[in-house]
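Single-letter residue listing:
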Amino acid sequence: MADQDLSPIGREVEAFLVKLVAEKKIDAPMLPEVASQVLGLSNDPDSDAAQLAKLIQSDQSLAGHVMRIANSAAYTPNASMISLQQAIARLGMTLITDIAIAASLNTKLFKAPKFTKRIAEIWSHAVSTAVWGKEVARLSQRNVEASFLCGLLHSIGRPAILQVINDVTKDLGQAIELEEALYLEEHFHVAFGEVIVQQWGMPIIVQETVQYYHQYQQDNSISEQAMIVNGAAKLASGTLLAQGTELAGLLEDIVEGKVFADLNLYEDDLAKLIQLSGQVKASMEAMRV
Amino acid sequence: MKQFDVIVIGSGPAGQKASVQAAKAGKTVAIVERDQWLGGACVHRGTIPSKTLRENALRVKKMRENAALCKFELAEDIEMSTLIDRLNEVLKAHDSFMVNQIERNDIVRIHGRAKFISANEIEISRVKGGPERYQAKNIVIASGSIPKKPDNVPIDHEHIFDSDSILTLLYLPKSLTVLGGGVIASEYASIFQALGVKVTMIDRYALPLGFMDADLTEKFVHAFEEMGGTWLGETVVKSVEWDGLSEVITTCEDGQVIKSSKLLCAAGRGANVNGLDIESAGLHLNEFGNISVDELLKTAVDNIYAAGDVIGPPSLASASMEQGRRASCNALGVGVGPMSNMIPTGIYGIPELSSVGLTEYQASEKLGKVIIGRANFEEISRGQINGIHDGMLKIICDPKGEEILGVQIVGEGATELIHIGQMAMLSHSNVDIFVESIFNFPTLAEAYRVAALSVIGQRHALSNKY
């Protein structure tokens, strides 16, 4: 599909998205189930910090909001918290719980019925990218801790766009073809993601990763983290696509890609990475709350 | 199959000098490096990055000490990239210098990982594309070292780091446990402590840096503790684990439990021969896990030489460079004089330490009662001006109080100051040279004069006695 193939409603939505990006007025959605679970945890005297971290990490949007607030001027003036572990260690469990609750109560809930399936796919892919990101970083001896958040938020623009498309078409009383929505998602997700993580006050490394992960060669200063996420996103796609026993074969094809050479990973390194696929899948499952 | 006169494996200090020397001797040379960049761990993961961090740690420490001049507080959430701010420029300059040197000397640069097929043939695997084989009359192994991984320390590069991955940290942790008491452990422990991280250093020995005299390392420990660090000597680590959330738990055999945000395991380094398959060339690692060489840096196989960390101590970049150069000279029959044994050791901790020649202990073992002259930096004008509290220079002389056997220094500037002593020793001057010569005033070099006067005083006392 190309721009000229868009239907009138597609064009109208596109114009609206352009305006939102230009004015940087983008609101990120949040899953209400997780928000209520955070509330539940906070009222449970037996809950511990590990449960809280697991719960927050299980949700791309909530993790983003918690990190945004943890990185705000009120708590961390220079916006340098790069992981939930760091945030909990530094700010404490109670405060992080409060932040998570505040985030869940003050943010628009995520409801885009027309795109539920697609958003679930995006979320699964983001979690998988985050988990793979840590392993790619570990293997190539680059920063492991930041790779999770960078991976988790690298595609945050995608569900946000679908939410907007859902809302706009609903307001206009018109339907949009899924193909058109996906075209717009593909076309705008980086710009949306960039604005969202910027508005959230995410650390520069996250902002630059969202901006450059798909074309990491463009910016030398951040290329390493963006490169890790690029590779991890490719592995995540394979992980989600593969059925049954075909995963290893599929991943073997994926690691032939240029990004893995740019990461300076040799054949035996890549074999080690592929061996981790079972562990990565298990971690992904564990993060489904 | 491509053929070269010399193939050098590794592009660190030893490999770089070995390849340039071979090229300058008119030979065809290839240098193999597994990383995308030249320089090895020294340039990219160790020496240069840690020294860049150290410079900023020193600045921070000095600003804190001079609170009367400017009120200073380091932002709690400062990023590592800010603290190693000039690193990229330093690395870029270094890389560009090395690339120019390699190109200028017509050295073929191969990005890949080497594996011996035989004593004259290696296979290079690349990140992209199939393996290729190369032959060479001579091969120099300069593949450096990698951190040792004790079984009870599960290094994950996320919470529990080794000396190659510690600088991938993006922010300063609140607390850091450092395992080990060697050069790397002492450097990082004192640097992070100077930056305000709460550091606990644990080692099985009573004092760190056991190859230096105790009176100097005691000053180092004192300075470290003055900054707020904790030294746990004579303590054996039983286990290390990440609690799954926010802390690394270190349990010691005496029952102590230390919790910290991160942990650095600096338990020494071993030869990096992973994947080299040295056995195919007829080589084996020695009992210390290194490649053995003779005085010509030749291995057990006639055409294979080795240099740098891969052959074991002293594992100093300075020595590695010279070994690399000599390995090529020896392999190619280019005459070189005997290699000086007088290699200074520099520890870039806060404060710095440096030594050359014999320690007091070694000298006493060899010659009996030796004469020692000491000068504390706080007694030297420059030391007072600079506010140095834990500085000391020590001259070790023979029992007559004439010949200089060694010099040890702790305190800022130690790694530069040591060269005065080294040159005096190399020129076989006796200790009086420090009194008879005139140094700039006020400088820390004056410490040589004070220490020498102490030696001369003891010498006179001895002669009056008899």
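Keep in mind the model is a prediction, meaning the values are calculated, not measured.

Reading the values: the criteria
Residues numbered from 1 in each chain as written. Chains lettered and ligands numbered in written order. Predicted model: local features only at pLDDT ≥ 70, side-chain atom pairs only at ≥ 80, totals over all residues. Heavy atoms only, no water. Helix = DSSP H or I, 4+ residues; strand = E, 2+ residues; numbered from the N terminus. Buried < 20%, exposed > 50% of the residue type's maximum accessible area, 1.4 Å probe, protein only. Contact = heavy atoms within 4.5 Å. Areas by Shrake-Rupley, 256 points an atom, 1.4 Å probe, with all protein chains shown as cover. Expected span 1.5 Å × (residues − 1). Arc of directions from axis to C-beta. 1 Å grid on protein atoms, 1.4 Å probe; cavity = no way out; pocket = protein on both sides within 12 Å on 5 of 7 lines; lining within 4 Å. Points joined across faces, edges and corners; volume = space filled by probe spheres on them. Pairing = 2+ DSSP bridges. Right-handed = clockwise from strand over helix to strand, strands pointing away. Buried area = accessible area lost by both parts, 1.4 Å probe. Salt bridge = Lys/Arg side-chain N within 4 Å of Asp/Glu carboxyl O. Polar contact = N/O pair within 3.5 Å; in protein donor to acceptor, adjacent residues only side chain to side chain. Axes fitted to C-alpha atoms, helices over the stretch in contact; angles between N-to-C directions. Parallel < 35°, antiparallel > 145°, perpendicular 65-115°, else oblique. Left-handed = near helix turned anticlockwise from the far one by under 90°. Nonpolar A, V, L, I, M, F, W, Y, C, P; charged D, E, K, R; others polar. pLDDT = per-residue confidence, 0-100. Phe/Tyr/Trp six-rings, centres within 6.5 Å; stacked < 30°, edge-to-face > 60°. Core = buried A, V, L, I, M, F, W, Y, C linked by side-chain atoms within 4.5 Å.

J.: What exactly am I supposed to notice about the overall build of chain A here?
T.: A tally of regular secondary structure across chain A gives 16 helices and zero strands. Going through the 289 residues of chain A one by one, you find that 58% of them count as buried. Restricting to contacts in chain A with at least 6 residues of sequence separation, those with at least 24 account for 74%. Carbon and sulfur atoms provide 53% of the accessible area of chain A, an area that totals close to 11900 Å².

J.: Quick question: what am I supposed to make of helix H1 (residues 8-23) of chain A here?
T.: Residue and element names in this part refer to chain A. Over its 16 residues, H1 runs 23 Å from end to end, which matches the ideal 22 Å to within 8%, given 1.5 Å per residue. Of the residues making up H1, those classed as buried are Ile-9, Gly-10, Val-13, Glu-14, Leu-17, Leu-20 and Val-21. Down the axis of H1, the sector holding all buried residues measures 135 degrees, keeping them to one side. For H1, the exposed residues lying more than 90 degrees away from the buried face are Pro-8 and Ala-22. If you follow the buried residues of H1, they end up packed against helix H9 (157-172) and helix H10 (178-199). Downstream of H1 by a residue or two, Lys-24 has a phi angle that is positive, lying close to 55 degrees.

J.: Just checking my understanding: could you explain empty space enclosed by the protein for this structure?
T.: Over the atoms, a rolling probe the size of a water molecule traces out where space has been left empty. All names here are of chain A. Scanning all chains against the criterion turns up two cavities of 30 Å³ or more. The computed volume of the second largest cavity comes to approximately 60 Å³. Among the elements of the structure, helix H4 (60-70), helix H5 (84-91) and helix H8 (145-153) are those that each provide at least two residues to the lining of the second largest cavity. Of the residues forming the lining of the second largest cavity, the biggest block, four residues, is contributed by H8.

J.: Whenever I open this one, the pairing of strand S9 (residues 175-179) of chain B confuses me. Can you help?
T.: For a regular strand, side chains alternate in direction, first toward one face of the sheet and then toward the other. Residue and element names in this part refer to chain B. Among the five residues that make up S9, five are buried, leaving the element largely enclosed by the rest of the structure. Burial of the side chains of S9 extends over both faces: Ser-175, Thr-177 and Leu-179 are buried on one face and Leu-176 and Val-178 on the other. Taken together, the five bridges between S9 and strand S10 (residues 198-202) define a ladder with parallel strand orientation. In the sheet register, Ser-175 faces S10, and the bridge partner there is Lys-198. Handedness of the crossover is the feature at issue here: the chain leaves S9, passes through helix H6 (residues 183-194), returns alongside S10, and the resulting connection is right-handed.

J.: Looking at this structure, how should I read the interface of chain A and chain B?
T.: By convention, interface size is frequently given as the accessible area that disappears when the constituent parts associate. Residue-level contacts link 34 residues of chain A with 34 residues of chain B. Carbon and sulfur atoms supply 49% of the area that chain A and chain B bury against each other, a total of about 2700 Å² over both sides. For the pair chain A and chain B, the interface holds five salt bridges. The shortest N-O distance in the salt bridge between Asp-268 of chain A and Arg-113 of chain B comes to 2.2 Å. Taken together, chain A and chain B are joined by 11 residue pairs in polar contact (both at pLDDT 80 or more). Breaking the side of chain A that touches chain B down by element, the ones donating at least two residues are helix H3 (49-57), H5, helix H7 (116-139), H8, helix H14 (258-262) and helix H15 (267-275) of chain A. Per element, the largest residue contribution to the side of chain A that touches chain B is five residues, and it comes from H5 of chain A.

J.: Explain the pattern of salt bridges here, please?
T.: A side chain with one charge may pair with a side chain of the opposite charge, provided their charged atoms come close. Residue and element names in this part refer to chain A. All told, the structure shown has 33 salt bridges over all chains when counted by the stated rule. Glu-121 is the salt-bridge partner of Lys-117, the closest N and O atoms lying 3.7 Å from each other. Linking Lys-117 with Glu-121, this pair stays in helix H7, spanning four residues, or about one helical turn. Exposure remark for Glu-121: the relative accessible area of 36% places this residue in the partly exposed category. The shortest N-O distance in the salt bridge between Glu-185 and Arg-158 comes to 2.7 Å. Remark: Arg-158 occurs in helix H9 and Glu-185 occurs in helix H10; sequence separation between them is 27 residues. Beyond isolated ion pairs, a larger network of salt bridges with shared partners links Lys-117, Arg-118, Glu-121, Arg-158, Glu-185 and Glu-186.

J.: What should I look at first to understand the packing of H8 of chain A against helix H11 (residues 204-212) of chain A in this one?
T.: Each pair of packed helices gets described by two things: the angle between the helix axes and the distance between those axes. Residues and elements named next belong to chain A. In the contact formed by H8 and H11, the axes pass within 9 Å of each other and the chain directions differ by 45 degrees. When the axes of H8 and H11 are compared, the pair comes out oblique. Crossing angle aside, the handedness with which H8 passes H11 is right-handed. Every residue of H11 that contacts H8 at Ala-146, Leu-149, Cys-150 and Leu-153 is listed here: Ile-205, Val-206, Thr-209 and Val-210. Of the residues that constitute the contact of H8 with H11, the class distribution is seven nonpolar, one polar and no charged.

J.: Whenever I open this one, the confidence of the model for chain A confuses me. Can you help?
T.: Low-confidence regions, as indicated by low pLDDT, have predicted coordinates that should not be scrutinised in detail. Averaged over every residue, the pLDDT of chain A is 81; the share at 70 or more is 80%. pLDDT under 50 marks residues 105-109 of chain A. Its contacts with residues more than four places away, or in other chains, come to 13 contacts.

J.: Quick question: what am I supposed to make of H5 of chain A here?
T.: Of all the eight residues making up H5 of chain A, seven are buried; the element is thus mostly covered by neighbouring parts of the structure. Regarding H5 of chain A, the residues found buried are Leu-84, Gln-85, Gln-86, Ala-87, Ile-88, Arg-90 and Leu-91 of chain A.

J.: Quick question: what am I supposed to make of the sheet that holds strand S19 (residues 353-357) of chain B here?
T.: Backbone-to-backbone hydrogen bonds pair the strands of a sheet. The strands run either parallel or antiparallel. All names here are of chain B. The antiparallel open sheet is built from five strands, whose spatial order is S18-S19-S22-S21-S20. The strands lining the two open edges of the sheet, one partner per strand, are strand S18 (345-347) and strand S20 (371-376). For this sheet, the mean inter-axis angle between neighbouring strands, taken without regard to orientation, is 10 degrees. Relative to S19, S18 runs antiparallel, the two sharing three bridges.

J.: Looking at this model, I keep getting lost on the sheet that holds strand S11 (residues 230-232) of chain B. Mind explaining?
T.: Residues and elements named next belong to chain B. In spatial order, the strands read S8-S15-S9-S10-S11; together these five strands make up an open sheet with parallel pairing. Both outer strands of the open sheet, strand S8 (160-162) and S11, are each paired with one neighbouring strand and no more. Adjacent strand axes in the sheet meet at a mean angle of 20 degrees when their direction is disregarded. Where S9 meets strand S15 (residues 262-265), four bridges bridge the pair, whose relative direction is parallel.

J.: What exactly am I supposed to notice about the packing of aromatic side chains here?
T.: To describe a pair of aromatic rings, one takes the distance between the centres and the angle between the planes. All names here are of chain B. Inspection of every chain in the model, using the stated rule, returns three aromatic pairs over all chains. With a centroid separation of 6.1 Å and 35 degrees between ring planes, the pair formed by Phe-4 and Tyr-134 is classed as tilted. Here the residue Phe-4 occupies a position in strand S1 (residues 2-9), and Tyr-134 occupies one in strand S6 (residues 132-141), the gap between them amounting to 130 residues. Both residues of the pair, Phe-4 and Tyr-134, belong to the buried class.

J.: Any chance you could explain the nonpolar core here in plain terms?
T.: As a rule of thumb, soluble globular proteins bury nonpolar side chains together. Counting 86 residues, the largest nonpolar core has Ile-165, Phe-192 and Phe-260 of chain A as its most contacted members. Element by element, the count of residues in this core is highest for H7 of chain A, at nine residues. The next biggest cluster of nonpolar side chains, apart from the first, holds 48 residues, and it includes Val-32, Val-140, Ile-141 and Ala-271 of chain B.

J.: What should I look at first to understand the side chain of Gln-101 of chain B in this one?
T.: Structurally, Gln-101 of chain B is set in helix H5 (residues 87-104). Excluding its chain neighbours within four sequence positions, the residues that come into contact with Gln-101 of chain B are Gln-16 and Val-20 of chain B.

J.: Explain the pairing of S1 of chain B here, please?
T.: All names here are of chain B. In terms of burial, S1 is largely enclosed, as six of its eight residues are buried. One ladder, built from seven bridges, connects S1 with S6; its direction is parallel. Following the sheet pairing, Ile-9 is matched in S6 by Ile-141. Where S1 and strand S2 (residues 29-33) come together, four bridges link them in parallel fashion. By the bridge assignment, Val-6 is partnered in S2 with Val-29. Handedness of the crossover joining S1 and S2 through helix H1 (residues 13-24): right-handed.

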